[in-house]
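Take a look at the letters that make up each chain.
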Amino acid sequence: MTSSNGDPMIIAQDVHKWYGNFHALRGISMEVKKGEVVVIFGPSGSGKSTFIRTINRLEHHEKGKIVVDGIELNADMHNIEAIRMETGMVFQQFNLFPHLTVMQNIMLAPIQVRKKSKAEAQEKAMELLERVEIPEQALKYPGQLSGGQQQRVAIARALAMEPKIMLFDEPTSALDPEMIKEVLDVMTELAKSGMTMVVVSHEMGFARAVAQRMYFFDEGLIVESGSPDEIFHAPQEDRTKLFLSQILKH
Amino acid sequence: MTTSVSMHKGIQPPTSARPTALDWIKINLFSSWLNTLLTLFSVTLIYVILRGALGWAFTEANWAVIPAKLRLLLVGQYPSAVAGEVDYVWRVSLCLYILAAIIGLHWGASGRSGERYITALALLPVLMALIPVVYHLAVRPEGHTLGAAFLLALQILALDLVGLVGWLIGRWRGRRFIRLAAILWILYFPLVIVLVRGFGADYREGITPFASVPTRLWGGLLLSLLLAIVGIVFSFPIGVALALGRRSKLVVIRALSVIYIEFIRGVPLISLLFIGSLMLNLFMPSGISFDGVVRAMVVITLFSAAYLAENVRGGLQCIPKGQYEAASAIGLGGFQTMFFIILPQALRAVIPVMMGQFIGLFKDTSLVAIVGLLDLLGIAGGVIADPNYLGTQREVLLFISLFYFAFSYALSYTSRRIETNLGVGTR
């Protein structure tokens, strides 16, 4: 372990991103320390997903600086491989590989990328399935699982690479209400284990329980940030108040 | 709500009585007066057609031409004892015995679960068993049909026996032999080529049992099948490579792929076969020349690859972007993503189209008759022209149609089996 608690794992400085003429990110700056859980929320189209995807370079930022675990993200291809080994990502649509079993989904990257032995990868995969509480589904195909189970497999798959950072891009938005809890439980457990997490989500209960900091995005900018207490009880900006009142109303 | 739930618990699914044959007829053929009318009409129509066809087949047709020319139709001019040469057809038979053994081994090793699709793949060449079997029937001189029938039975028995031994070995070692079976399959294809082709001294000298038999002597069903199998085996990797090339970010590779695919697809196969047979040797440095069969194999392979590329591209396009992203996010490189994630899904999606194309390829091999190769159709043309058997076009063409149908159907069946077996869990 090179970095101790309190060291910044992710540093973003004035990050910009354009899609054609559309200015999707208009100068995002953020610092995430080791072991910190950060929740990003905001209306759709506010750039929160785009931003989280720049952290593992699924999207390329065009201006500004992003440093992940001491490695700056730029066009150098070797960096990308290194970064992607350090960051796990969980998607809204799960994106499991439908032609592989749950077990194979989890074992693929450790064997192919980390060059682990099959036995080692298998042991680790089983351990992770226990952790997300679906060991009995190991030999099924993703299509045979419920949404909540699939998302937990996706989390296990990301964890199998033993990442230092976990990125969650709206992990519960595609789930039925009763399945949201099982996924959030896994995420809460993960947060308590000391994982550095960046979560794009509107699950305010989860944010209140585990987040150290919250960021409110709108139109490609950070409108407001603060601890959950500050955000929920003393929001400074009108835009934040309006948005919170809308999502907390029901 | 609670009452309805508890009510559901008590209800059993209706016990469905198995419909009798009479029920089936009533439901499907005579359910209404209109259906009755249609049924009667269809039956009459079938009767009229069949009466003519069967009447011809059993009374007028001169089937004698088939046993007399069977050797030609099956293996062409391949050297055999009947033609007064050293017999080499046994090498073709050997291929079949090996095939039977591998199928048996694989079937036994895989047990009952899974892996059946590879076995289904193997069903196609099993039909090749007809070659030596019927061959021996055909080469017996007139008046020895009983002996021939006995030999035929013996051959089938021997093939079955070899298959059984393979099955027992596979059964004995179990799933550990699956890998061995897979290796044997991969080795089998070059082995067939080597066995049929032979090596070393020319066959006429008859010195070694594996003397080389020049490709111009290959013919009949043997040639048709070899053209098709070579075409399928080689066009598959080329086609996949072209499909990936067409989606490549590198401009030169993409341009070359597009030009190749569009050129080949814009020209009829017959023209390409002519180009191959007349012009290819002009382009080659002096001293190097391919014989007709190899040239036809090259042309068929390259032709099929272009079409295959477009099919595979269609499959690649239906893979959602999320799959690429997920693969990148767990750290897989470009090649690994293609190999482990994208291609398996894309190829599975295009199995029906691809098999359709392979069936087309198999039937298209009959076009090589135009450039003078004696494939099944080419030989049939020669047989029809034989003055001893004038007027036997219908018999001969019907007979070879049966072969084309049998193999095309086997491919189609294989495709369906592969789909069912791979379909598990994708829903």
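J.: Quick question: what am I supposed to make of the overall build of chain B here?
T.: Check the secondary structure of chain B and you find 18 helices and zero strands. Within chain B, buried positions represent 42% of all 427 residues. Within chain B, contacts between residues at least 6 apart in sequence are counted, and of these 73% link residues at least 24 apart. In the form shown here, chain B has an accessible surface area of approximately 23300 Å², with 71% of it arising from carbon and sulfur atoms.

J.: What's the story with the interface of chain A and chain B in this structure? I'm lost.
T.: By a widespread convention, an interface's size corresponds to the accessible area lost as its parts come together. With 23 residues of chain A at the interface, the matching set in chain B holds 21 residues. Summing both sides of the interface, chain A and chain B together bury roughly 1900 Å²; the carbon and sulfur share of this comes to 61%. Ranking the residues of chain A by area buried against chain B places R84(A), F97(A) and H99(A) at the top, with a combined share of 28%. At the junction of chain A with chain B, the criterion picks out one salt bridge. The tally of links from chain A across to chain B stands at six residue pairs in polar contact (both at pLDDT 80 or more). Counting only elements with at least two residues in the side of chain A that touches chain B, the list comes to α2 (77-86), β6 (87-90) and α3 (102-112) of chain A. Looking at the side of chain A that touches chain B, the element that brings in the most residues is α3(A), giving three residues. Partitioning the side of chain A that touches chain B into residue classes produces eleven nonpolar, seven polar and five charged.

J.: Just checking my understanding: could you explain the sheet that holds strand β1 (residues 8-19) of chain A for this structure?
T.: Sheet strands line up and pair through hydrogen bonds in the backbone, either parallel or antiparallel. All names here are of chain A. Pairing is antiparallel in the open sheet, where four strands are placed in the order β2-β1-β4-β5. At either end of the open sheet lies a strand with only one pairing partner, and these are β2 (22-33) and β5 (71-72). Direction of pairing for strand β4 (residues 63-68) relative to β5: antiparallel, over a ladder of two bridges. Across the sheet, residue V68 finds its bridge partner in β5, namely I71.

J.: Sorry if this is basic, but what is going on with the pairing of strand β3 (residues 37-41) of chain A here?
T.: Successive residues of a regular strand alternate their side chains across the two faces of the sheet. Residue and element names in this part refer to chain A. Of all five residues that make up β3, five are buried, and the element is covered over most of its length. Of the two faces of β3, the one holding V37, V39 and F41 and the one holding V38 and I40 are both buried throughout. Both β3 and strand β8 (residues 196-200) contribute to a ladder of four bridges, which runs parallel. Of the residues in β8, the one forming a bridge with I40 is V200. Of the strand pairs in this sheet, β3 and strand β9 (residues 213-218) are connected by four bridges, and their pairing is parallel. Within the sheet, the bridge partner assigned to I40 lies in β9 and is Y215.

J.: Could you clarify how one ought to interpret the sheet that holds strand β7 (residues 165-169) of chain A in this entry?
T.: Residue and element names in this part refer to chain A. Within the open sheet, the six strands sit side by side as β6-β7-β8-β3-β9-β10. Their pairing is mixed. Strand pairing shows two members of the sheet lacking a second neighbour, β6 and β10 (221-226), which therefore form its edges. Across this sheet, the average inter-strand angle for adjacent strands is 15°, counted without regard to direction. Relative to the sheet, helix α9 (residues 238-248) contacts β3, β9 and β10, its axis offset from that of β9 by approximately 100°.

J.: Is there a simple way to think about helix α15 (residues 334-349) of chain B in this case?
T.: Side chains that are three or four residues apart share a direction in an α-helix, a result of its 3.6 residues per turn. Look at α15(B): 21 Å from first C-alpha to last across 16 residues, which is about the 22 Å you get at 1.5 Å a residue. Considering bend angle alone, the principal kink of α15(B) is centred on I342(B) and spans about 45°; proline P344(B) follows within four residues of it. Within α15(B) the residues assigned to the buried category are Q336(B), T337(B), M338(B), I341(B), I342(B), L343(B), Q345(B), A346(B) and L347(B). Lining the buried residues of α15(B) we find α3 of chain A together with α10 (220-246), α13 (292-317), α14 (321-329) and α16 (351-364) of chain B.

The rules behind the values
Residues numbered from 1 in each chain as written. Chains lettered and ligands numbered in written order. Predicted model: local features only at pLDDT ≥ 70, side-chain atom pairs only at ≥ 80, totals over all residues. Heavy atoms only, no water. Helix = DSSP H or I, 4+ residues; strand = E, 2+ residues; numbered from the N terminus. Buried < 20%, exposed > 50% of the residue type's maximum accessible area, 1.4 Å probe, protein only. Contact = heavy atoms within 4.5 Å. Areas by Shrake-Rupley, 256 points an atom, 1.4 Å probe, with all protein chains shown as cover. Buried area = accessible area lost by both parts, 1.4 Å probe. Salt bridge = Lys/Arg side-chain N within 4 Å of Asp/Glu carboxyl O. Polar contact = N/O pair within 3.5 Å; in protein donor to acceptor, adjacent residues only side chain to side chain. Nonpolar A, V, L, I, M, F, W, Y, C, P; charged D, E, K, R; others polar. Pairing = 2+ DSSP bridges. Axes fitted to C-alpha atoms, helices over the stretch in contact; angles between N-to-C directions. Expected span 1.5 Å × (residues − 1). Bend = angle between axes of the 7 residues up to and from the residue.

What is shown is where atoms sit, not what they do.
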